Amino acid sequence: MNSIDYRINFGPKKITTIALQRDVLLKVFPYAFNDTFLSFEMQLSPKQALMRINHVANMVKQVNGTLISIFHNDCLSNFDEWKYWEDFYEDVLKCVKDS
């Protein structure tokens, strides 16, 4: 994956568990972005990442979807490689709310 985007939920999937030896339904909820991908893989600044997230949030809103993201506690630390990312989580919440 080399970009952030929104994927529609794939719906329930039937899987077979070895432990239970029966079929069960598994609902898959893909996530649109995570903090480490934005920072390390895409090498975006917090401001650039927020602009990308705003675009994705608007796409999700157009289809009445659910925006799922992953944040790690390091992102909130403002230490080392997370310098300047301290307010990013709260900025994302504001951005998503306003979109």
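**Focus on the nonpolar core**
Logical step 1: Counting residues in each nonpolar core, the largest one holds 15 residues, and the members touching the most others are Phe33, Leu38, Ala49, Ile53, Trp85 and Phe88.
Logical step 2: Breaking this core down by element, the ones donating at least two residues are helix 1 (35-41), helix 2 (46-62) and helix 3 (88-98).
Logical step 3: By residue number, the principal contributor to this core is helix 2, which donates four residues.
Logical step 4: Leaving out residues up to four positions away in the same chain, alanine 49 has contacts with Leu38, Leu44, Trp85 and Phe88.

**Description of helix 3**
Logical step 1: Within helix 3, burial applies to Phe88, Val92 and Cys95. All buried residues of helix 3 project into a common sector of 65 degrees when viewed along the axis, lining one side. Opposite the buried face of helix 3, by more than 90 degrees, sit the exposed residues Glu90, Lys94, Lys97 and Asp98.
Logical step 2: On the buried face of helix 3, the contacting elements are strand 3 (33-34), helix 1 and helix 2.

Cut-off values and rules
- Residues numbered from 1 in each chain as written.
- Predicted model: local features only at pLDDT ≥ 70, side-chain atom pairs only at ≥ 80, totals over all residues.
- Heavy atoms only, no water.
- Core = buried A, V, L, I, M, F, W, Y, C linked by side-chain atoms within 4.5 Å.
- Buried < 20%, exposed > 50% of the residue type's maximum accessible area, 1.4 Å probe, protein only.
- Helix = DSSP H or I, 4+ residues; strand = E, 2+ residues; numbered from the N terminus.
- Contact = heavy atoms within 4.5 Å.
- Arc of directions from axis to C-beta.

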